[in-house]
Amino acid sequence: MDDLAAAWDRVRRLAARPGAAAVRARLDAEPDRFARLARRGGGLTLDLSRTALTDEVLDALLALASAQGVTRFRDAMARGEAVNGTERRAALHMALRGPAGAFRVAPQAGGHAAGEDASEEVHATLDAMRRFVLAVHAGTVTGATGARFTDVVNIGIGGSDLGPAMATRALWRHGMPLRAHYLANVDAHAWEAIRPGLDPATTLVLVASKTFTTQETMANAQLVKAWLAAALGDAAVGAHLAALSTNLAATASFGIAPERVFGFRDWVGGRFSMWSAIGLSIALACGWDVFAGLLAGAWAMDEHFLAAPDEANLPLLLAATEVWHVDALGYPARVVLPYDERLARLPAHLQQLEMESLGKRVTMAGDPVAVQTGPVVFGEPGTNAQHSFMQLIHQGPTPVPVDFVLVARPDHAQADSHRILLAHALAQAEALARGRTEAEARAEMAKAGLDAAEVDRLAPHRTFPGDRPSVSILLPALTPEALGALVALYEHKVACLGAYWGINPFDQWGVELGKQLAGGILPALEGRAAASDAATAAMIGEIRKLWS
Ligand code: F6P
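Residues numbered from 1 in each chain as written. Predicted model: local features only at pLDDT ≥ 70, side-chain atom pairs only at ≥ 80, totals over all residues. Heavy atoms only, no water.

1. Focus: unusual backbone geometry
Then, in step 1: Cis geometry is adopted by the peptide bond preceding Thr-383, which originates at Gly-382 and carries an omega value of 10°.
Then, in step 2: As for its position among the elements, Thr-383 is in the loop between β9 (376-379) and α15 (390-395).
Then, in step 3: Not every positive phi belongs to a glycine, and Arg-88 is a case in point at roughly 50°.
Then, in step 4: Looking at where Arg-88 falls in the secondary structure, it is placed in the loop between α5 (70-78) and α6 (118-138).
Then, in step 5: Backbone geometry places Phe-212, a non-glycine residue, at a positive phi of 55°.
Then, in step 6: Of note, Phe-212 is situated in the loop between β5 (203-208) and α9 (215-232). (Helix = DSSP H or I, 4+ residues; strand = E, 2+ residues; numbered from the N terminus.)

2. Considerations on the packing of helix α20 (residues 512-525) against helix α21 (residues 534-547)
Then, in step 1: Running from amino to carboxyl end, α20 crosses α21 at an angle of 40°, the nearest separation of the two axes being 10 Å. What the angle tells us is that α20 and α21 run oblique. Here the hand of the crossing between α20 and α21 comes out right-handed. Together, Ile-521, Ala-524 and Leu-525 of α20 and Thr-536, Ile-540, Ile-543, Arg-544 and Trp-547 of α21 make up the contact between the two elements. (Axes fitted to C-alpha atoms, helices over the stretch in contact; angles between N-to-C directions. Parallel < 35°, antiparallel > 145°, perpendicular 65-115°, else oblique. Left-handed = near helix turned anticlockwise from the far one by under 90°. Contact = heavy atoms within 4.5 Å.)

3. Some thoughts on the packing of α5 against helix α19 (residues 480-501)
Then, in step 1: Running from amino to carboxyl end, α5 crosses α19 at an angle of 125°, the nearest separation of the two axes being 8 Å. Looking at the two axes, α5 sits oblique to α19. When you trace α5 past α19, the crossing you get is right-handed. Residues Val-70, Phe-73 and Met-77 of α5 touch α19, and the partners they reach there are His-492, Ala-495, Cys-496, Ala-499 and Tyr-500.
Then, in step 2: Among the residues making up the contact of α5 with α19, the classes are represented as seven nonpolar, one polar and no charged. (Nonpolar A, V, L, I, M, F, W, Y, C, P; charged D, E, K, R; others polar.)

4. Remarks on the sheet that holds strand β2 (residues 44-47)
Then, in step 1: Strand order in the open sheet made by the six strands is β1-β2-β11-β10-β8-β9, with mixed pairing throughout. Edge strands, defined here as strands with exactly one partner in the open sheet, are β1 (38-41) and β9. Taken pair by pair, the neighbouring strands of this sheet meet at an average axis angle of 20°, ignoring direction.
Then, in step 2: In the packing of helix α16 (residues 415-434) onto the sheet, contacts are made with β8 (333-339), β10 (402-409) and β11 (470-477), and the angle to β10 comes to roughly 150°. (Pairing = 2+ DSSP bridges.)

5. Here's the deal with the domain arrangement of the protein chain
Then, in step 1: Segmentation of the protein chain into domains returns domain 1 (3-68 + 308-434 + 468-507), domain 2 (96-100 + 112-292), domain 3 (435-466) and domain 4 (510-547).
Then, in step 2: Taking the mean C-alpha position of each, domain 2 and domain 4 sit 32 Å from one another. (Domains from an automatic or database assignment.)

6. Points about the packing of aromatic side chains
Then, in step 1: Scanning the model with the defined rule gives nine aromatic pairs in all.
Then, in step 2: Of the aromatic side chains, those joined through ring pairs into one cluster are Phe-73, Phe-272 and Phe-506.
Then, in step 3: The positively charged end of Arg-74 is found above the aromatic ring belonging to Phe-305, 5.8 Å away from the centroid.
Then, in step 4: Between the NZ or CZ atom of Arg-97 and the centre of the ring of Trp-275, over which it lies, the distance is 4.6 Å. (Phe/Tyr/Trp six-rings, centres within 6.5 Å; stacked < 30°, edge-to-face > 60°. Lys NZ or Arg CZ within 6 Å of the ring centre and 35° of its normal.)

7. Focus on the site of the ligand
Then, in step 1: Lining the immediate surroundings of the ligand are 14 residues, of which Gly-159, Ser-160, Ser-209, Thr-211 and Thr-214 lie closest.
Then, in step 2: One of the side-chain nitrogen or oxygen atoms of Ser-209 is found 2.6 Å away from an oxygen atom of the ligand.
Then, in step 3: In the model, an oxygen atom of the ligand is placed 2.7 Å from a nitrogen or oxygen of the Lys-210 main chain.
Then, in step 4: Of the residues belonging to the shell around the ligand, the class tally is two nonpolar, nine polar and three charged. (Near = heavy atom within 4 Å. Polar contact = N/O pair within 3.5 Å; in protein donor to acceptor, adjacent residues only side chain to side chain.)

8. Things to note about the pairing of β11
Then, in step 1: Extensive coverage of β11 is indicated by the burial of six of its eight residues.
Then, in step 2: The sheet contact formed by β2 and β11 spans three bridges and is antiparallel. Among the inter-strand pairings, Asp-47 is bridged to a residue of β11, identified as Ser-472.
Then, in step 3: As defined by bridge partners, β10 adjoins β11 across seven bridges and the pair is classed as parallel. Along β11, the bridge assignment pairs Arg-409 with Ala-477. (Buried < 20%, exposed > 50% of the residue type's maximum accessible area, 1.4 Å probe, protein only.)

This is the structure in structure tokens:
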């Protein structure tokens, strides 16, 4: 058995031991678990105490990380090597928030000349973005009529929507410079829902697309451009448009002036792009200082990730915990519960970040994976989730680990509400870990005066198995810096998991087939061609009957 197989074998043997998944017994036996299993980094606290991790398991998981080359992968990423092997690209999103001169593209990564300073262009773009944002806020850049911009519409989908939409929702406060709207779905109901609240004369439109070819985005961009032209005239449209893209030829043919194009490079993956020009809507809506704070917080987490030893490294520990849950204990999903309404879109952002990155069935070398890879990720803000799917998390047959995201200090003065919110979060974590034994359930019902037959009848239903693991991430407050660090923590966790599982976390071939097929189905829907698949053709027939 080689070192790698031995490292996996050790993790699996630990998981096969009786009581390996026990959480409650460990919490009871080890009152110092928080002190031993909580870590700090980038201004955040990560608590792993409500899992079944032991010193021995953690040691085995970190030994596996070393055998699998996780930190080697991290360092190759930071050196600008082509860690995205299938696309022959670097993954240098850290350069988007790092200091000038800190990141260079390695010779084999393409896109840049060998050894070129990746951050030089980043800082030039940031400077152009800052000047544009300040000019919009100062009213020196206005719409065609001379009216100040009051609203910004970001047209983009996936990574060109989710990160900025999530961050703007989290950080926007009343009185901030512009209102932001996010148009992603090609379903025109989305545009129809936004449109009535907008005045074309005071609306700035950002077309956000790395490739500038995504059909949904281009269709929406044409729709909104036509709306601007109908209200203000063709000649006025340019004053209301900007593009965030790597494809300068396509932005020009769409009619966007070069000085209104904010670029980035192919080494920025879509789901890692909110720190690039793609984040312009955040800066326009919340202010430049907020955007700068977001970048600073992410960079603080980057520095931690690059320097902290394995046993104190938050992204690596979060990844190790996921390997324990997914591969060793066989838990196929994970829930993200932000206990802050402003983080309502965090689960959606993490769904793309994690599932588009880690939903892979072959290794970097193209061989079938021998281990389980990315779990299903879903979530909702607490406490809403408690009245929705948490029933299954407490009493369903298969444990689903939970990430609790807690914010210590709110930005409102309703201290009572905030204490209730946090009490619910802590209660959920405790209920999942400790459960309620049948004896406890029976004792409670007897105490409440239920007769013996009723106690017998209800006991199985009122028993909670417990031993349901969770991790908690505590933010001191929802500042731009803390949010930046939180998102970067998850980004680096994804990179670590890619290395743990030997898969490429930076490509997304799985989204291509549907895109391609839609291109052929559109003419069939329009009655200009026949669909090649019988089931598709039959449904098109039904739809067309309803159209006639
Ligand atoms: O869903 C596939 C994808 O390529 C994502 O990775 C990306 O974030 C999204 O589409 C949007 O792509 P673009 O920014 O090129 O329009």
